[in-house]
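Structure at a glance
If you want the building blocks of each chain, they are given just below.
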Amino acid sequence: MSDTLANLRRKIERARDLRSVVSTMKALAAASIGQYEKSVRSLDDYYRAVQLGLSVCLSERAPSAGVAPLPEYERKEKKGTGIIGAIVFGSDQGLVGQFNDVVVDYAVHTLAALPGKKKVWAVGERAHDRLTDAGLPPAGLLTVPLSIKAITPLVGQILMRIMAPSLAEGEGHREQNNDQREQKVHRNKNRVTQLYLFHNNSRSGEIYEPVNQQLLPLDETWRRMLAELPWPTRNLPEVVGDNTATLQALVREYLFVSLFRACAESLASENASRLAAMERAERNIDQLREDLQKTFYSLRQSKIDEELFDVIAGVEALAGTKR
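Reading the values: rules and limits
Residues numbered from 1 in each chain as written. Predicted model: local features only at pLDDT ≥ 70, side-chain atom pairs only at ≥ 80, totals over all residues. Heavy atoms only, no water. Phe/Tyr/Trp six-rings, centres within 6.5 Å; stacked < 30°, edge-to-face > 60°. Helix = DSSP H or I, 4+ residues; strand = E, 2+ residues; numbered from the N terminus. Buried < 20%, exposed > 50% of the residue type's maximum accessible area, 1.4 Å probe, protein only. Salt bridge = Lys/Arg side-chain N within 4 Å of Asp/Glu carboxyl O. Pairing = 2+ DSSP bridges. Right-handed = clockwise from strand over helix to strand, strands pointing away. Patch = residues over 30% accessible without salt bridge, like charges linked within 9 Å, V, L, I, M, F, W, Y side chains within 5 Å. Areas by Shrake-Rupley, 256 points an atom, 1.4 Å probe, with all protein chains shown as cover.

Topic: the packing of aromatic side chains
Here the structure, examined in full by the defined rule, presents seven aromatic pairs. Relative to Tyr208, the ring of Phe99 lies with its centre 5.5 Å away and its plane at 75°, an arrangement referred to as edge-to-face. Highlighted residues: Phe99 in helix 2 (residues 99-112) and Tyr208 in strand 5 (residues 206-216), separated in sequence by 109 residues. Look at Phe256 and Phe260: their rings are 5.9 Å apart centre to centre, the planes differ by 40°, and that puts the pair in the tilted class. With Phe256 and Phe260 both in helix 7 (residues 243-322) and four residues apart, the pair spans about one turn of that helix. Residue class for Phe260 comes out buried when judged on its relative accessible area of 8%. Among the aromatic side chains, those forming a connected cluster through ring pairs are Tyr47, Trp222 and Tyr254.

Some words on the pattern of salt bridges
Note that side chains of opposite charge can pair when their charged atoms are close. Going through the model one piece at a time under the given rule, you end up with 10 salt bridges. Where Arg261 meets Asp44, a salt bridge forms, and the shortest distance between an N and an O atom there is 3.5 Å. Residue Arg261 is located in helix 7, and its partner Asp44 is located in helix 1 (residues 2-60); the two are separated by 217 residues in the primary sequence.

Considerations on the pairing of strand 1 (residues 83-89)
Where burial is concerned, most of strand 1 is hidden: seven out of the seven residues are buried. Of the two faces of strand 1, the one carrying Ile83, Gly85, Ile87 and Phe89 and the one carrying Ile84, Ala86 and Val88 are both buried. Both strand 1 and strand 4 (residues 192-203) contribute to a ladder of six bridges, which runs parallel. Considered in strand 4, the bridge of Ile83 is made with Val192. Bridge analysis of strand 1 against strand 2 (residues 118-123) gives six bridges, and the strand direction is parallel. Counted as the bridge partner of Ile87 is Trp121 from strand 2. Of the crossover connections in this fold, the one passing from strand 1 over helix 2 to the parallel strand 2 is right-handed.

Quick word on a nonpolar patch on the surface
On the surface, Ile304, Leu308, Phe309 and Ile312 cluster together to form a nonpolar patch covering roughly 390 Å² of accessible area. Relative to the helices and strands, Leu308 is located in helix 7.

This is the structure in structure tokens:
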């Protein structure tokens, strides 16, 4: 019985240590949520400014004005060309509940409804493994950033690996010979012409929910939506300088901010999920410690009772001998 009591005592100590670790992780998750949510809010005004700038540029590029069409990477490809690309934001670390399962299931279901060849990139090892298990092995794996500062390099990697070839072709599409055009048609069949972002987003009343955003192509529907944005003041805007150069700069900012915000929202949701998981773990550990302590006290009381009974029995035996 003493071995049983010793084992219970060790289990109680381990539960206490684990409770301390969980509390620390809970505090870190709570602090991380705040910085990522603040980052998302800080992007709203800038994102709105970029949209308004695009609205002005696109309004001045009306066909009636005789302006050249948008660059190649801003036009929707012909049917049957290009690949549907997708970026799924998940996590590298565990203890996040169903965070990765939810976003991967949503991405797989959404992509299955789209015709054409798919190419998926996973942000996070957990999402990568689940995509592979779902029969949609990713073409690449990107590391989840651990801080706000690390999001910018990740966005740069996405733009370079996935979208840079399209951007480069778009900027130099005017000077091409016949051989180059044929090579371009062949490349178009193997490059990303549509790009979707999948990530979890925090919602009031819920921890998170999966959402998606079509980032490419920047087609006529996208142009029309931005061109119809109302200007916030009575002063009519005007682009100073080269409209095309300004438009391309704003498009790059639009892509950067969209990717940055999607990543920040995913990180905020990840930490919200981890916070909820740690709260559940705290309750479970507290309940386990309580049960262990009850068992420990019960066994110790039984041992004391047995020792008392032995003492009483010994006293009674001595008393009987004296008689």
